[in-house]
Amino acid sequence: MTDPLVARMRPFGTSIFAEMSALAVRTGAVNLGQGFPDTDGPPEMLAAAEAALRGGRNQYPPGPGIPELRAAVARHQRRFWDLGYDPDGEVLITAGATEAIAATILALCEPGDEVVCFEPFYDSYAASIALAGAVRRPVTLFPDESGRFVFDPDRLRAAFSGRTRLVLLNSPHNPTGKVFSPAELSLIAALCRENDVYAVTDEVYEHLVFTDSGAPHVPLATLDGMRDRTLRISSAGKTFSCTGWKIGWVSGPKDLISAVMRVKQFLTFVNGGPFQPAVAVALDLPDTYYRDFRDGLQARRDRLADGLARAGLRVLPSEGTYFITADVSSTGTADGIAFCRELPERAGVAAIPTQVFYDDPEPARTLVRFAFCKREEVIDEAVRRLAGP
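Residues numbered from 1 in each chain as written. Predicted model: local features only at pLDDT ≥ 70, side-chain atom pairs only at ≥ 80, totals over all residues. Heavy atoms only, no water.

- An unreviewed UniProt entry lists the protein under the name N-succinyldiaminopimelate aminotransferase, from Catenuloplanes atrovinosus.
- Word for word, the UniProt comment on the protein under Sequence similarities (unreviewed entry) is "Belongs to the class-I pyridoxal-phosphate-dependent aminotransferase family."
- The annotation that UniProt attaches to the protein under Cofactor (unreviewed entry) is "pyridoxal 5'-phosphate". (UniProt positions renumbered as here; feature names shortened; annotations may be inferred.)

1. Notes on the sheet that holds strand E12 (residues 323-327)
The pairing of strands in a sheet comes from backbone hydrogen bonds and takes either a parallel or an antiparallel form.
Reasoning step 1: Read from one edge of the open sheet, four strands run E11-E12-E15-E14, paired in antiparallel fashion. With partners counted over all chains shown, the strands left at the sheet margins are strand E11 (314-315) and strand E14 (352-353), one partner each.
Reasoning step 2: Here two bridges tie E14 to strand E15 (residues 367-371), and the two strands are oriented antiparallel to one another. Opposite proline 353, over in E15, you have valine 368 as the bridge partner. (Pairing = 2+ DSSP bridges. Helix = DSSP H or I, 4+ residues; strand = E, 2+ residues; numbered from the N terminus.)

2. Focus on helix H1 (residues 16-27)
It helps to recall that an α-helix has 3.6 residues per turn; residues three or four apart then point in one direction.
Reasoning step 1: Look at H1: 16 Å from first C-alpha to last across twelve residues, which is about the 16 Å you get at 1.5 Å a residue.
Reasoning step 2: Within the sequence span of H1, burial applies to Ile16, Phe17, Met20, Ser21, Leu23 and Ala24. Projected down its long axis, H1 carries its buried residues within an arc of 155°, all on one side. Turned more than 90 degrees from where H1 packs its buried face, Val25 and Arg26 sit exposed.
Reasoning step 3: Looking at the residues trailing H1, positive phi occurs at glycine 28, about 70°. (Expected span 1.5 Å × (residues − 1). Buried < 20%, exposed > 50% of the residue type's maximum accessible area, 1.4 Å probe, protein only. Arc of directions from axis to C-beta.)

3. Describing the packing of helix H2 (residues 43-54) against helix H9 (residues 275-283)
Reasoning step 1: Relative to each other, H2 and H9 sit at 150°, their axes nearing to 8 Å. On the basis of the axis angle, H2 is roughly antiparallel to H9. When you trace H2 past H9, the crossing you get is right-handed. Note on element contacts: H9 touches H2 through Phe275, Pro277, Ala278, Val281 and Ala282, opposite Glu44, Met45, Ala48, Ala49 and Ala52.
Reasoning step 2: In the contact of H2 with H9, the residues fall into nine nonpolar, no polar and one charged. (Axes fitted to C-alpha atoms, helices over the stretch in contact; angles between N-to-C directions. Parallel < 35°, antiparallel > 145°, perpendicular 65-115°, else oblique. Left-handed = near helix turned anticlockwise from the far one by under 90°. Contact = heavy atoms within 4.5 Å. Nonpolar A, V, L, I, M, F, W, Y, C, P; charged D, E, K, R; others polar.)

4. Some details on the sheet that holds strand E2 (residues 91-94)
Reasoning step 1: Strands sit in the order E2-E10-E9-E8-E7-E3-E4 across an open sheet of seven strands; the sheet is mixed. This sheet does not close on itself; its edge strands, each paired only once, are E2 and strand E4 (135-140). On average, each strand axis in the sheet is tilted by 20° relative to the strand beside it, whichever way the strands run.
Reasoning step 2: Direction of pairing for strand E3 (residues 114-119) relative to E4: parallel, over a ladder of six bridges. Within E4, the residue paired with glutamate 119 across the bridge is threonine 140.
Reasoning step 3: Against the sheet, helix H4 (residues 96-108) touches E2, strand E7 (164-170), strand E8 (198-202), strand E9 (230-235) and strand E10 (248-251), its axis set at about 160° to E9.

5. What about the packing of H4 against helix H5 (residues 123-131)?
Reasoning step 1: Viewed as axis vectors pointing N to C, H4 and H5 meet at an angle of 30°, and their least axial separation amounts to 9 Å. Relative to H5, the element H4 is oriented roughly parallel. Crossing angle aside, the handedness with which H4 passes H5 is right-handed. Counted together, Thr98, Ile101, Ala102, Ile105 and Leu106 of H4 and Ser124, Tyr125, Ser128, Ile129 and Leu131 of H5 form the full contact between these two elements.

6. Some thoughts on helix H11 (residues 336-347)
Reasoning step 1: Within the span of H11, buried status applies to Gly336, Ile337, Phe339, Cys340, Leu343, Pro344 and Ala347. Within H11, the buried residues cover an arc of 160° as seen down the axis, which keeps them to one side. Among the exposed residues of H11, those oriented more than 90 degrees off its buried face are Glu345 and Arg346.
Reasoning step 2: Taken together, the buried residues of H11 touch H1, strand E13 (349-350), E14, E15 and helix H12 (376-387).
Reasoning step 3: Capping the start of H11 is the job of one residue whose side-chain oxygen sits 3.3 Å from the backbone nitrogen of isoleucine 337: aspartate 335. (Polar contact = N/O pair within 3.5 Å; in protein donor to acceptor, adjacent residues only side chain to side chain.)

Structure follows, in C-alpha cells:
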C-alpha cells in the first residue's frame, strides 16, 4: 500500500525535540535541549489554579476564552505596550501559541499563498504553512562578525511577491535569541504596508529581553499602520513557567480575530478551563515579577555562556528568550546534528542542532542551541560535564 500520510506532511518526521529528549532520558544526560523550565510558576498563579480546580471551573469555558482572562490580556497589552484591544472581539484564547499560529495560518492562507518568514524558524511554522497548502518564502538570519544574527534587507524585499499573504515574525527569536531592532522592524512594517499583506507576530518571549540587548522589545503592531493588519500572538507558558498548561492568545482587529476563531473552534474547540482564571491572575502581577523573572534568566544565561566558553565553544550573543547559540566547529566537528547526537553519550548533555530550523542549513551547520531556563545547579552540572575530566 502507498504511504497513507498526505504528501504535504511527509517531510515532517519525529520532532528533533522528541529525539533529543528521548536520547537524554536514555543516557541520563542533562537536558539543555527542549526549552521548558524545571521550576513552577508564581505562587499566586498556582493558588488561583487550585482554587479554580476545586471551585467548579472544570467544564468547557466559552469558545473565545473566559471573560476575565480576555480582559486581563487586554489590560496587559495596554500596560506594557500601549496597545488597545477590546476583550470582547479582539482577543481570542487558544491552546498555547502553537495552536494560535496554526489557526491563524489556516484562517488566512489559501493553497498557493506565500508566507514570508525568517529562518531558522520554530518547527511548527513550517508544518502549519504546509497544512494550509501555502508556500514558505524564508529569509535567512545569519551571524555577522559580532555574532549577532542579521538578515539581508534586499533578500527580504525580494521575498515578497504578488502571492504574498502574510509575514510571520518571531521576536524575541527562537532559536537564535535575537531581538529584532527598531530599524529592522520598520523595514518589515514598510514592506507589509507596501505589499498590503498581514503580519502574524509570535511574541511569546516578549518579557524576556535582556538588559544588555541594546534594544527593547517592540511589538510590530505598535508601528505606524500596523495595528489593523497584525495578529499578535503570545502565551503564558514562557512568562510564567507553565509550558504544560498551553494557554495562549491572539490579539488583533475584530475581522481577523473572527477569522481565526472560525478555524480554532474546529481544532481544540476550548482548553484549559481551570488554568484560564489562574493566568488572568498572573498577567496582573506587579512589574517586579516581570523584572525579577527576566533578571534571573539573564544571570543563568551568563552562567551557561561562561561555561560553554570555558569548554572551548564560541558563544554567540543571546539578546532574549530561553536560548543561547554556540558554534561547535572549534571541537573539530563540521555537523551540528552529529555533534548533538554524540554529545549525550560523550559528555552527558543534550542540546539541539540549529540547522534543523533552516530550509537551507548551510549557514548553521556548526551551530547548536542550548537552553538556560533551568535551575542553577542543573546548569552547573551541565557545565561540569562539558568541561570533561
